[in-house]
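Observations on the model geometry
Residues per chain, in single letters:
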Amino acid sequence: MTRKDFRKLIESKIVILDGATGSNLQKRGMESGICPELWMVENADIVCQLQQNFLEAGTDILFAPTFTSNRIKLREYGQEDKVAYYNQELVNISKKAVRMYRKNTGNMRNVYIAGDITMTGEMVAPTGKLPFEELIDVYKEQMEHLIKAGVDLFVIETMMSLQECRAALIAAHEICDLPVMVSLTYQENNRTLYGTDPITAITVLQAMGADGVGINCSTGPDKMHEIIKQMKAVAHVPIMAKPNAGIPKLIDGQTVFPMEAKEFADEMVKLIAEGVGIVGGCCGTTPEHIRWLRDFIGDIKPPKVKAEHFRALTTERKTIPISLDDRFMVVGERINPTGKKALQAALIKGDLTKVAQMATEQANQGADFLDINVGMSGIDEKETMQEAVREVMRVTDLPLSIDTSNPDVMEAVLREYPGRALINSISYEKEKIDRLLPLAKKYGAMFILLPLSDTGLPKSIEEKKEIIHAILSRAYEVGMTKEDIIVDGLVNTVGAYNTAALDAIETIRYCKEDLRIATIVGLSNISFGLPSRQFINSTFLAFAIQSGLTMAIANPSQDLLMNTAFASDLLLAKEDSAKRYIDNVVDVNVEAKEKNKKVDNNTPQLPKSQGEVIYEAVLKGDKKDILLLVKEELSGGRSPEDIIDKSLIPAINEVGRLYECQRYFLPQLIMGAETMKLAIDYLEPMLGSKKNSDGISKGKVVIATVKGDIHDIGKNLVALMLKNYGYDVIDLGKDVATEHIIDTATRESADIIAVSALMTTTMIEMKNVVEKVKEAGLNTKVIIGGAVISNNYAKEIGADGYSPDAGSAVELVKRLLE
């Protein structure tokens, strides 16, 4: 199946996927805690019959049951050397199902088999330890075997991390040209576990060439409307929805999905009306659900996929749209060593403190994006650029402009960048355009079109327009659109070219009004070599904004310049410009540093007491410097207890608060907790036998993921947080038998048993834990948590408490033990 074939299929009908694999096979005898691949191969007839039933119900694209057949997942069962075997055998089962379906029904309609891919269960760096390139290799290995087995396309599904989606998509595109659909799972706050919202996910993935993007698992179809609406508003690819049969309930000790087939189909038709063109079912959905879905769809026409692309840059968790008619935007220019001796010296030493400081300051001063340039002698530019980008992403949530003339450096950064970046820049110089345009397309980046050629600067406005059109043509040839491009007005100094401002303004006007393309200028170029440059810069900026300038690369700490931008938007009656003017304009005599003091309730607050550098390091997840800072505080006379009580614990409390109000997400929570753990581990030997400042142990907690469940990200975070707060934590790991949990709690005289589950099929084991605690006569409290768990479920099974996240778990344990 080619990508063109896939698009024709989507345009011809509502495409029906299959339903659940795991929950249906468990009904047919597959037990929790075993290697699912091994069971399916040994019970191939059962799997084949289930897939035939889905085909008879109307499935167009059948998912091969290769969901967890990558070497990292298989390693958990000692089967990592059988990646090729399992992927081949499981695809063979799907192929046999198609053959049997055709033989039994005589229906020779087109049916396609998708190689099914999901997360590895390990967190990718820098949040985790798995290198990004290794993750790509893991996906490539599985995909290569799936291709040999004969799949028609790939589906990357039930993803929680946008960066893992990117890795899988890169892997697929580097080894084949098969269609690829990508689907994520979202929490009740309409974000993934890692904090990605639907708009950011689809913006990044469709720019990288995903053939369809959507949502699966998560919830029932009745709860997906808002996510689908958000995706549809910016999508230029088909949207997929594969929900569960409602929110699971525990009835008579069994996990039951309550949404009947007819209700499910009725709700799915509503999603189709909102723009979904690819439909199916996840946990709890049976062939009957798919049959009703097929009947309800009938002759409904597929939704149209719009041709216009969405103009925006993103991080992993934030999208900033770019509009030709909305407010003026600023790309902060300060992270550039040119003319900055202090920054040059720091970069040579590998010290990125100055880079982080400049990033934070520019974000506070109103920059929308940040340009990063580390080009200078005496350093490894690739390594330094990669480290600088990671550091900036750690301290801000602004999308980045990558400023380098070296294509190898550009690719290294774009490959790892977990969102949609801006390339600064691509000219018509042959070496640059030949190397950089394919990179922009491959990694889904926008780029600044610089109207230069191998002959140098254009000699007239007409030549400049010719170069612009030449670069546009090349970009369109590789599949990019005008929404992917921002034209540089190419500002010369007015001191040398008296028509420099007029030429730039005509370029801006032409791009906006005639071409409908965004524009940018390097603002300070206009005044180079002249006195009192700020007046020339700000006046030119006002003229340029009036002519349609979209953004400028500038220093946001310059009050006159920023005030001029706010005033220009106000006079041009741009939306919300009055509020922005009132909120942001300052007296020109006020120094830029005063603007850094602007905070809101959701901005990390630093205490005024001693030790705020340690507090800030935990807040920002600064694992690299935390031990140095702790040692400096100790040498200055602070006690270990004082550092823990007055710096580390308040900091992790603030991290938890920011997580609660959704300013921070899982990666920041983990990095903050791990930073604190490094400090605690270093200080703990100095505390002797004390567990807190009173010298009393806070309590002992046995923690585990229940039998059959191999997901432990949330459990690990809870364990880490509890340790950081002074509790003795015995972490039994994942897929732990109830008997082992009870035996350990008994032997260790545990105060708390904490159990986690991420799957609806394993959550029922929590009830067994509660019952076994009572049978054993233990005076031990049982608390539960996990993505599929609720407070109602905790009450239903008789648990002593429920926690939705790590921060709440600490408070829950504290409350129960008090």
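Residues numbered from 1 in each chain as written. Predicted model: local features only at pLDDT ≥ 70, side-chain atom pairs only at ≥ 80, totals over all residues. Heavy atoms only, no water.

Regarding the packing of helix α17 (residues 430–443) against helix α18 (residues 461–477)
Two elements in contact, α17 and α18, have axes separated by 10 Å at closest approach and are oriented at 40 degrees. Between α17 and α18, the crossing angle belongs to the class labelled oblique. The chirality of how α17 crosses α18 is right-handed. For the pair formed by α17 and α18, the contact residues are Ile433, Asp434 and Leu437 on the first element and Ile471, Arg474 and Ala475 on the second. Of the residues belonging to the contact of α17 with α18, the class tally is 4 nonpolar, no polar and 2 charged. (Axes fitted to C-alpha atoms, helices over the stretch in contact; angles between N-to-C directions. Helix = DSSP H or I, 4+ residues; strand = E, 2+ residues; numbered from the N terminus. Parallel < 35°, antiparallel > 145°, perpendicular 65-115°, else oblique. Left-handed = near helix turned anticlockwise from the far one by under 90°. Contact = heavy atoms within 4.5 Å. Nonpolar A, V, L, I, M, F, W, Y, C, P; charged D, E, K, R; others polar.)

Side note on the sheet that holds strand β3 (residues 112–117)
Reading across from one edge, β1-β10-β7-β6-β5-β4-β3-β2 is the order of the 8 strands in this open sheet, with parallel pairing throughout. A single partner strand is all that each edge strand has here, and the edge strands are β1 (15–16) and β2 (61–63). Strand direction decides the pairing type here: β2 and β3, joined by 3 bridges, are parallel. Across the sheet, residue Ile61 finds its bridge partner in β3, namely Tyr112. (Pairing = 2+ DSSP bridges.)

Quick notes on the packing of aromatic side chains
One pass over the structure, following the stated rule, counts 2 aromatic pairs. Directly above the aromatic system of Tyr510 lies the positively charged group of Lys465, at a separation of 4.3 Å from the ring centroid. When the ring centre of Tyr727 is taken as reference, the NZ or CZ atom of Lys698 above it lies at 5.8 Å. (Phe/Tyr/Trp six-rings, centres within 6.5 Å; stacked < 30°, edge-to-face > 60°. Lys NZ or Arg CZ within 6 Å of the ring centre and 35° of its normal.)

What to know about helix α11 (residues 261–273)
An α-helical segment advances 3.6 residues per turn. Residues three or four places apart therefore align on the same side. Here α11 is 13 residues long and its end C-alpha atoms lie 19 Å apart, about the 18 Å a rise of 1.5 Å per residue gives. Taken together, the buried positions of α11 are occupied by Ala261, Phe264, Ala265, Glu267, Met268, Leu271 and Ile272. Down the axis of α11, the sector holding all buried residues measures 165 degrees, keeping them to one side. Pointing more than 90 degrees away from the buried face of α11 are the exposed residues Lys262 and Ala273. (Expected span 1.5 Å × (residues − 1). Buried < 20%, exposed > 50% of the residue type's maximum accessible area, 1.4 Å probe, protein only. Arc of directions from axis to C-beta.)

What to know about a negative patch on the surface
A cluster of acidic side chains, namely Asp222, Glu260, Glu263 and Asp266, defines a negative patch on the protein surface. Along the chain, the position of Asp222 falls in the loop between β6 (212–217) and α10 (225–234). Judged by its relative accessible area of 31%, Asp222 falls in the partly exposed class. (Patch = residues over 30% accessible without salt bridge, like charges linked within 9 Å, V, L, I, M, F, W, Y side chains within 5 Å. Areas by Shrake-Rupley, 256 points an atom, 1.4 Å probe, with all protein chains shown as cover. Salt bridge = Lys/Arg side-chain N within 4 Å of Asp/Glu carboxyl O. Lys, Arg positive; Asp, Glu negative; His and termini not counted. Charge placed at Lys NZ, Arg CZ, Asp CG, Glu CD.)

Digging into unusual backbone geometry
Both trends apply: most residues other than glycine have a negative phi, and most peptide bonds are in trans. For the peptide bond that leads from Ala125 to Pro126, omega is 5 degrees, which places it in the cis range. Along the chain, the position of Pro126 falls in the loop between β3 and α7 (132–149). Put simply, Asn424 and Ser425 share a cis peptide bond, and its omega is 10 degrees. Relative to the elements of secondary structure, Ser425 occurs in strand β16 (residues 422–426). Positive phi values are uncommon outside glycine, yet Leu490 reaches one of about 50 degrees. Residue Leu490 is classed as buried on the basis of its relative accessible area of 12%.

Quick notes on the confidence of the model for the protein chain
In the predicted model, the protein chain carries a mean pLDDT of 92, and the fraction of residues at 70 or more is 95%. Low pLDDT (under 50) marks residues 590–609, which in the prediction has 41 contacts with non-local residues, meaning those over four places away or in another chain. (pLDDT = per-residue confidence, 0-100.)

As for the pattern of salt bridges
Summed over the entire model, instances satisfying the criterion amount to 51 salt bridges. The salt bridge involving Glu174 is made with Lys442; its shortest N-O contact spans 2.6 Å. In this pair, Glu174 is assigned in helix α8 (residues 162–175) and Lys442 in helix α17, connecting sequence segments 268 residues apart. Owing to a relative accessible area of 28%, Glu174 belongs among the partly exposed residues under this scheme. For Arg334, the salt bridge is made with Glu361, and the minimal N-O distance between the two is 2.9 Å. Taken together, the positions of Arg334 in strand β13 (residues 329–335) and Glu361 in helix α14 (residues 353–364) put the pair 27 residues apart, joining distant regions of the chain. Through salt bridges with shared partners, a single ionic network connects Glu133, Lys140, Glu174, Glu411, Arg415 and Lys442.

Focus: the nonpolar core
Ranked by size, the top nonpolar core spans 188 residues in total, and within it Phe154, Leu205, Val279, Ile372, Phe447 and Leu648 carry the most contacts. Per-element tally for this core: the top contributor is helix α26 (residues 640–660), with 9 residues. With residues near it in sequence (within four places) discarded, Val279 still touches Ile14, Val15, Ile16, Leu17, Ala241, Met268, Ile272, Leu293 and Ile297. Within the second largest apolar cluster, 25 residues are counted, among which are Ala745, Val773, Val782 and Ile797. (Core = buried A, V, L, I, M, F, W, Y, C linked by side-chain atoms within 4.5 Å.)

Some points on the sheet that holds strand β19 (residues 518–522)
Within a sheet, neighbouring strands are paired by backbone hydrogen bonds and run either parallel or antiparallel to one another. Strand order in the closed barrel made by the 8 strands is β13-β14-β15-β16-β17-β18-β19-β20, with parallel pairing throughout. Sheet twist, expressed as the average angle between the axes of neighbouring strands with direction ignored, equals 25 degrees. Packed onto the sheet, helix α15 (residues 381–395) meets β13, β14 (369–372) and β15 (400–403) and runs at close to 165 degrees relative to β15.

Quick notes on a nonpolar patch on the surface
Taken together, the side chains of Leu570, Tyr581 and Ile582 define a hydrophobic patch exposed on the protein surface, amounting to about 280 Å² of accessible area. If you trace the backbone, Ile582 turns up in helix α22 (residues 577–584). When its relative accessible area of 66% is taken as the criterion, Ile582 is described as exposed.

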